[in-house]
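Chain and residue survey
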Amino acid sequence: MKHLTEEELIEHYYSEDFYKAEAEMHLQACKRCAQAYEDLGRFLGSVRAPEAPARDSEYGARVWQAIGGSLQPYQPKKKLGYFRWPQLAYAAACVLFLAGAFLAGRVWEHAHTKPLLASAPQQSKERVVLFVLDNHLDRSERLLVQLNHAGAEEENVDLPLQAEARQLLTDNRLYRQSVAQTNDPLLAAALDHLERVLVEVANSPDELTSADIARIEKEMNTQGLLFQIRVLRTKVSEQQTNAQAFGKGTTL
Amino acid sequence: MGNDDHALIRAVLAGDKDAYGMLVVRHSQSVFRVAFRITEDEADAEEVVQEAFLRGYRKLEGFDARSNFRTWIYRIAMNCALDILNKRKSQTAVPIAEEYDGDQVAVQLADGAAGPDRLLLSQEIEARRYAAMEKLTPTERLAFVLRHMEDRSTEEIATALGIAPNSAKQAVFRAVQKLRQSLAPLWVKS
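It should be emphasised that the depicted structure is a prediction, and the values quoted were computed from it without experimental measurement.

**Structural notes on the overall build of chain B**
Per the secondary structure count, chain B includes nine helices and zero strands. The buried share among the 190 residues of chain B stands at 34%. Here the analysis covers contacts within chain B between residues at least 6 apart in sequence; of these, 65% occur between residues at least 24 apart.

What follows is the structure, given as structure tokens:
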């Protein structure tokens with residue numbers, strides 16, 4: 001049998017033990033613990049509170065008289081009038097709204113301005129390239145048209161085709177190299193095809209005959225190339241228009 | 001009473017200093033009684049009362065309106081009493097001559113008849129009890145007085161002393177053990 005400790009007996013005496021019923025049962029069953037508890041009870045019962053000397057009815061007044069002089073009265077707090085609360089709430093709501101609008105504007109600006117600014121130089125460059133390429137294709141188209149018409153005639157051709165072809169050839173090489181780095185196989189193939197035609201025209205004898213041109217037309221399929229160039233011009237013109245429209249949008 | 005106290009506190013905080021005087025008059029007697037039980041000295045108890053009400057006035061702005069003023073001022077009085085006990089403890093020591101002389105007391109206790117001897121014995125017991133209480137630490141003493149004489153719960157003692165409930169319980173245990181050690185030889189087993 002596990003006996004109650006002195007601490008447990010004291011707890012039980014002051015009725016602060018969690019297992020009061022168990023302690024009670026144990027005390028009934030265990031003579032040793034019951035004796036210890038009885039001794040403790042008699043001891044604590046004999047320790048009585050010292051009797052406080054009586055104070056007369058004026059005691060409280062005397063205490064107040066002793067301390068009252070040294071106390072400073074509290075300053076009543078200035079309370080905000082109740083009627084002010086709606087105005088304050090309205091002002092707070094306005095401030096919150098303005099702060100919210102400002103923050104929202106900042107967030108929107110941050111989210112939208114950056115990509116536009118970043119893409120602006122790229123778009124300008126693209127517009128310039130499209131414009132120059134369109135011009136190059138236009139000149140090439142005219143050359144091919146002249147070439148095709150000349151091939152249909154039976155006389156010697158008296159046109160500055162070779163000089164034009166040499167100029168276009170230099171430009172075309174640059175465009176072809178640039179386009180080769182982009183992901184546009186159709187344009188790259190067309191420029192490659194055009195370059196071969198231009199080389200042929202540029203390197204031909206001084207005076208091109210109708211027969212020479214007809215041969216070039218046949219061998220180089222200039223009719224097909226002309227069609228390709230027209231298709232590409234249409235495509236480039238559309239891209240240019242789109243780029244201009246977008247550019248205006250961003251500027252605004 | 002509680003509601004009246006709260007109304008007086010509001011008046012004090014609104015600038016009516018005299019309203020605090022009414023609180024002082026209303027609670028001085030009970031605060032003095034507790035202070036005396038702790039200090040067992042009339043002058044110390046009066047000092048505790050004055051100091052408690054002074055501190056109470058200064059802290060009145062922090063008074064929680066949900067609390068009971070009497071409990072609140074008691075707690076302040078406990079702290080004041082604790083300060084006095086600590087001061088007293090550091091200034092004085094229990095004389096060795098006051099220690100228990102078992103043989104002498106046992107002879108006296110053997111005589112159970114009422115009379116001058118018995119009266120003398122009661123005075124002797126009271127003197128020993130006082131000396132034993134003085135040997136307790138201030139915390140043990142306060143915890144024992146609140147538990148044994150004021151019938152306060154462990155939680156209330158812990159709150160008054162600003163310690164954990166288990167520490168308060170241990171303080172009561174140690175106080176009882178020390179008092180038993182000091183006073184047990186005086187006890188006449190029936």
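**Concerning unusual backbone geometry**
Phi angles above zero are rare outside glycine, and N221 of chain A is one such case at about 50°. Assignment of secondary structure puts N221 of chain A in the loop between α8 (210-220) and α9 (222-251). A positive phi angle, near 55°, is found at E40 of chain B, a position not held by glycine. Assignment of secondary structure puts E40 of chain B in the loop between α2 (18-39) and α3 (42-58).

**Considerations on the interface of chain A and chain B**
Interface extent is often summarised as the accessible area lost during association of the parts. Every contact between the two is made by 26 residues of chain A and, on the other side, 33 residues of chain B. Put simply, the parts of the chain that give the side of chain A that touches chain B at least two residues each are α1 (6-13), α3 (31-46) and α4 (59-68) of chain A. Top contributing element to the side of chain A that touches chain B by residue count: α4 of chain A, with eight residues. Within the side of chain A that touches chain B, the residues separate by chemical class into 19 nonpolar, three polar and four charged.

**Thoughts on the confidence of the model for chain A**
On average, residues of chain A score 79 in pLDDT, and 83% of them reach the 70 mark or higher. In the model of chain A, α9 of chain A stands out as the element of lowest mean pLDDT, 75, in contrast to α4 of chain A, which has the highest, 93.

**Remarks on the nonpolar core**
Counting residues in each nonpolar core, the largest one holds 54 residues, and the members touching the most others are A35, A77, A81 and A143 of chain B. Ranked by residue count, the leading element in this core is helix α4 (residues 69-91) of chain B, at 11 residues. In this structure A35 of chain B touches A45, V48, V49, A77 and A81 of chain B, once residues within four positions along its chain are discounted. Counting residues in hydrophobic clusters, the runner-up holds 27 residues, among them A165, L168, Y175 and V236 of chain A.

**Considering the confidence of the model for chain B**
Residue and element names in this part refer to chain B. On average, residues of chain B score 82 in pLDDT, and 80% of them are at 70 or above. Confidence, read as mean pLDDT per element, is least for helix α5 (residues 102-110) in chain B (42) and greatest for α3 (95). Note on residues 95-113: pLDDT under 50 across the span, and 14 contacts to partners over four residues away in sequence or across chains. Complex prediction metrics read pTM 0.52 and ipTM 0.77.

**Let's talk about the environment of R129 of chain B**
As for its placement among the helices and strands, R129 of chain B is situated in helix α6 (residues 116-135). By the C-beta count within 10 Å, which is 19 here, R129 of chain B ends up partly exposed. Separated by 50 residues in the primary sequence, R129 of chain B and L179 of chain B place their C-alpha atoms 7.8 Å from one another. When near neighbours in sequence (up to four residues on either side) are disregarded, R129 of chain B contacts V47 of chain A together with L183 of chain B.

**Here we look at the packing of α2 of chain B against α3 of chain B**
Axis angle and axis distance: for two packed helices, these are the angle between their axes and the distance between the axes, and together they describe the pair. All names here are of chain B. With their axes 8 Å apart at the nearest point, α2 and α3 run at an angle of 140° to one another. What the angle tells us is that α2 and α3 run oblique. In this structure, α2 crosses over α3, and the sense of that crossing is right-handed. Of α3, the residues touching α2 (which contributes Y20, V24, S28, V31, F32, A35, F36 and T39) are E42, D44, A45, E46, V48, V49, A52, F53 and Y57. Counted by class, the contact of α2 with α3 contains 12 nonpolar, two polar and three charged residues.

**Digging into helix α8 (residues 154-161) of chain B**
Residues and elements named next belong to chain B. Within α8, the full set of buried residues consists of T154, I157, A158, A160 and L161. Across the axial projection of α8, the buried residues extend over an arc of 165°, all falling on one side. G162 sits one or two residues past α8 and shows a positive phi near 70°.

**Overview of the environment of P165 of chain B**
Residue and element names in this part refer to chain B. Within the element layout of this structure, P165 appears in helix α9 (residues 165-183). Residues P165 and T154, 11 residues apart in the sequence, show an inter-C-alpha distance of 5.9 Å. Other than its neighbours up to four places away in sequence, P165 contacts T154, E155 and A158.

The rules we used
- Residues numbered from 1 in each chain as written.
- Chains lettered and ligands numbered in written order.
- Predicted model: local features only at pLDDT ≥ 70, side-chain atom pairs only at ≥ 80, totals over all residues.
- Helix = DSSP H or I, 4+ residues; strand = E, 2+ residues; numbered from the N terminus.
- Buried ≥ 20, exposed ≤ 12 C-beta atoms within 10 Å, placed from the backbone.
- Contact = placed C-beta atoms within 7 Å.
- Nonpolar A, V, L, I, M, F, W, Y, C, P; charged D, E, K, R; others polar.
- pLDDT = per-residue confidence, 0-100.
- Core = buried A, V, L, I, M, F, W, Y, C linked by C-beta atoms within 7 Å.
- Axes fitted to C-alpha atoms, helices over the stretch in contact; angles between N-to-C directions.
- Parallel < 35°, antiparallel > 145°, perpendicular 65-115°, else oblique.
- Left-handed = near helix turned anticlockwise from the far one by under 90°.
- Arc of directions from axis to C-beta.

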